[in-house]
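# Results of the structural survey
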Amino acid sequence: VPVDGSHWLSMREVLDILGERGHEVVVLAPEVSLHIKPSTNFVMKMYSVPYTQEEMEKDFKAFLHTSFEEGSFLERFLKVYEGMKKLGNMSSACCQHLLQNQELIRYLEESKF
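Predicted model only: the values in this text are computed from it and were never measured. (Residues numbered from 1 in each chain as written. Predicted model: local features only at pLDDT ≥ 70, side-chain atom pairs only at ≥ 80, totals over all residues. Heavy atoms only, no water.)

With 15 residues, helix α1 (residues 6-20) extends 22 Å from end C-alpha to end C-alpha; this agrees with the ideal 21 Å at 1.5 Å per step. When we look at burial in α1, the residues that qualify are W8, L15, D16 and G19. Those residues of α1 that are buried are in contact with β1 (26-30). Immediately beyond the C-terminal end of α1, within one or two residues, lies G22, with a positive phi of roughly 95°. (Helix = DSSP H or I, 4+ residues; strand = E, 2+ residues; numbered from the N terminus. Expected span 1.5 Å × (residues − 1). Buried < 20%, exposed > 50% of the residue type's maximum accessible area, 1.4 Å probe, protein only. Contact = heavy atoms within 4.5 Å.)

In structure tokens form, the structure reads like this:
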């Protein structure tokens, strides 16, 4: 169950090597992500989330932009904090939707994941 961003980019190399060596690799990923994409070296099981690709990209870009804005420390801190809350809420919703996806949970149980 990868986390989008640098965690995934590092993990992807390991998964590709494991797949090339004959291991069965299953990746659980949200349908909406920045970097998590299918590969021939692993099986990808996707689940829906309550936000769109456009919403996620917009919030992520706004967070990055806010991180480099000028202003007082307090103004910048509050803007970054609000951006982190938005991204944190997306992550939380992502986890909730994974755990509430009965079809995917059933697949995982049946395959002894």
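Running from N to C, helix α3 (residues 73-100) and helix α4 (residues 102-110) cross one another at 65°; their axes reach a closest spacing of 5 Å. Relative to α4, α3 is oriented roughly perpendicular. Between α3 and α4, the contacting residues are L98, L99 and Q100 on the first element and Q102, L104 and I105 on the second. Taken together, the residues that form the contact of α3 with α4 break down as four nonpolar, two polar and no charged. (Axes fitted to C-alpha atoms, helices over the stretch in contact; angles between N-to-C directions. Parallel < 35°, antiparallel > 145°, perpendicular 65-115°, else oblique. Nonpolar A, V, L, I, M, F, W, Y, C, P; charged D, E, K, R; others polar.)

What follows deals with the packing of helix α2 (residues 53-67) against α3. Close contact between α2 and α3 brings their axes to 9 Å; oriented N to C, the two are set at 155°. In terms of axis orientation, α2 runs roughly antiparallel to α3. Here α2 runs over α3; the crossing is left-handed. Taken together, the residues of α3 that come into contact with α2 (itself represented by E55, M56, D59, F60, F63, T66 and S67) are K79, V80, G83, M84, K86, L87 and M90. (Left-handed = near helix turned anticlockwise from the far one by under 90°.)

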